Amino acid sequence: MTLDVTALQFGISLVPATERLDRIRELARTADEAALDLVGIQDHPYQRHFLDTWSLMATLLAETERVSFFTDVANLPLRPPAVMAKAAATLDVLSDGRFELGLGAGGLPDVIAGFGGPRRTPGESVEALDEAIDVIRLLWSEERSVSFEGKHYRLDDARPGPRPAHPIEIWVGAFKPRMMRLVGRKADGWLPSLGVLTRDELRAGNERIDAAAEETGRDPGSIRRIINMQGLIGDGPAPSRAELPVGYLAGEPLAGPADWWVETLAGFVDDGFDTLVFWPVDPRPGQVELLANEVVPHLRRSG
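Residues numbered from 1 in each chain as written. Predicted model: local features only at pLDDT ≥ 70, side-chain atom pairs only at ≥ 80, totals over all residues. Heavy atoms only, no water.

**What to know about the overall build of the protein**
- For the protein, the helix and strand inventory stands at 9 helices and 12 strands.
- For 303 residues, the compact-globule formula gives about 19 Å, and the C-alpha radius of gyration of the protein, at 18 Å, lands near that figure.
- Once the C-alpha set of the protein is aligned to its principal axes, its extents read approximately 55 × 40 × 35 Å.
- When each of the 303 residues of the protein is scored for burial, the buried share is 52%.
- Long-range contacts, defined as pairs at least 24 residues apart, comprise 71% of the intrachain contacts of the protein with a sequence gap of at least 6.
- When the accessible surface of the protein is split by element, carbon and sulfur atoms take 50% of a total near 13300 Å².
- Between the averaged position of the 32 positive side-chain charges in the protein and that of its 46 negative side-chain charges there is a distance of 5 Å. (Helix = DSSP H or I, 4+ residues; strand = E, 2+ residues; numbered from the N terminus. Rg over C-alpha atoms; globule rule 2.2 N^0.38 Å. Buried < 20%, exposed > 50% of the residue type's maximum accessible area, 1.4 Å probe, protein only. Contact = heavy atoms within 4.5 Å. Areas by Shrake-Rupley, 256 points an atom, 1.4 Å probe, with all protein chains shown as cover. Lys, Arg positive; Asp, Glu negative; His and termini not counted. Charge placed at Lys NZ, Arg CZ, Asp CG, Glu CD.)

Structural data, given as structure tokens:
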């Protein structure tokens with residue numbers, strides 16, 4: 001695959017922990033001032049220690065000027081796609097085009113059902129996400145009214161609006177083959193996480209998405225590839241997975257000095273990823289500044 005989406009992009013992802021609200025706001029402002037491209041916020045409405053992701057993003061967008069935000073990823077079973085489309089378009093309008101939609105099928109079916117959401121089989125989850133992409137795009141369209149009849153979602157003479165301020169991309173959090181094929185057929189980007197998938201599985205996922213795109217006549221290079229990875233920039237050891245609070249990824253965090261991160265992230269670019277999202281396990285502004293000042297410039301020059 002030849003990457004031709006755009007130049008490399010870099011960002012951070014934040015855990016929306018209620019007790020860290022001041023720190024979250026500080027990190028978002030630091031990312032904005034440091035000219036990073038993206039800030040992601042994960043979306044787990046059933047987690048009692050977390051703020052609501054969409055409300056938090058509205059606040060952070062109002063407190064920043066340049067950086068874009070994305071859901072990492074939005075929990076589809078608990079957020080109806082028609083309402084999600086309106087919320088996403090609204091955030092985009094309010095921020096002059098600084099919102100992208102990361103979308104997930106919901107990986108914790110028992111917890112989702114316990115919070116009032118539908119209990120879906122893996123196959124039904126893929127079907128629902130497939131339909132949701134269509135519903136969302138219809139409600140971002142210029143059509144005067146739209147209808148849709150699916151197994152999980154329907155629209156009947158629904159009125160789109162507001163229009164997003166820019167063409168919002170839909171990035172799908174996919175970890176299994178069927179969902180990856182959906183990315184290749186329909187999504188604007190793939191949003192996996194190192195730790196949930198191994199390096200070899202990530203490479204295989206890119207190949208599977210490329211094949212699905214080509215089968216449907218799409219250019220694989222038009223599909224953005226975003227990778228989440230958690231870690232520590234510096235000489236000290238990172239906390240073990242068991243020491244991290246709720247909200248961090250499976251697998252052990254990466255750790256190393258800035259030059260090690262440059263080499264490591266360059267390897268992921270070689271694997272086909274064009275958007276690199278760092279989850280700081282030491283959520284302090286200094287980590288964001290190290291990423292922006294000591295890592296990203298080297299990668300931008302080489303990319």
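Once you've had a look at it, read on.
**Structural notes on the layout of surface pockets**
- Approximately 1000 Å³ is the volume found for the largest pocket.
- Lining the largest pocket we find 40 residues, and of these Gly106, Gly107, Leu108, Gly173 and Phe175 sit closest to its centre.
- Going through the elements one at a time, strand 4 (74–75), helix 5 (122–139) and helix 6 (177–186) are the ones with two or more residues in the lining of the largest pocket.
- Taken together, the residues of the lining of the largest pocket break down into 20 nonpolar, 14 polar and 6 charged. (1 Å grid on protein atoms, 1.4 Å probe; cavity = no way out; pocket = protein on both sides within 12 Å on 5 of 7 lines; lining within 4 Å. Points joined across faces, edges and corners; volume = space filled by probe spheres on them. Nonpolar A, V, L, I, M, F, W, Y, C, P; charged D, E, K, R; others polar.)

**Details of the packing of helix 8 (residues 258–270) against helix 9 (residues 285–302)**
- Look at helix 8 against helix 9: their axes get within 9 Å of each other, and the N-to-C directions meet at 40 degrees. Between helix 8 and helix 9, the interaxial angle falls into the category oblique. Between helix 8 and helix 9 the crossing geometry is right-handed. In this structure, helix 8 uses Ala258, Trp261, Val262, Leu265 and Ala266 to contact helix 9, whose residues at the interface are Glu294, Val295, His298 and Leu299.
- Residues that form the contact of helix 8 with helix 9 fall into these classes: 7 nonpolar, 1 polar and 1 charged. (Axes fitted to C-alpha atoms, helices over the stretch in contact; angles between N-to-C directions. Parallel < 35°, antiparallel > 145°, perpendicular 65-115°, else oblique. Left-handed = near helix turned anticlockwise from the far one by under 90°.)

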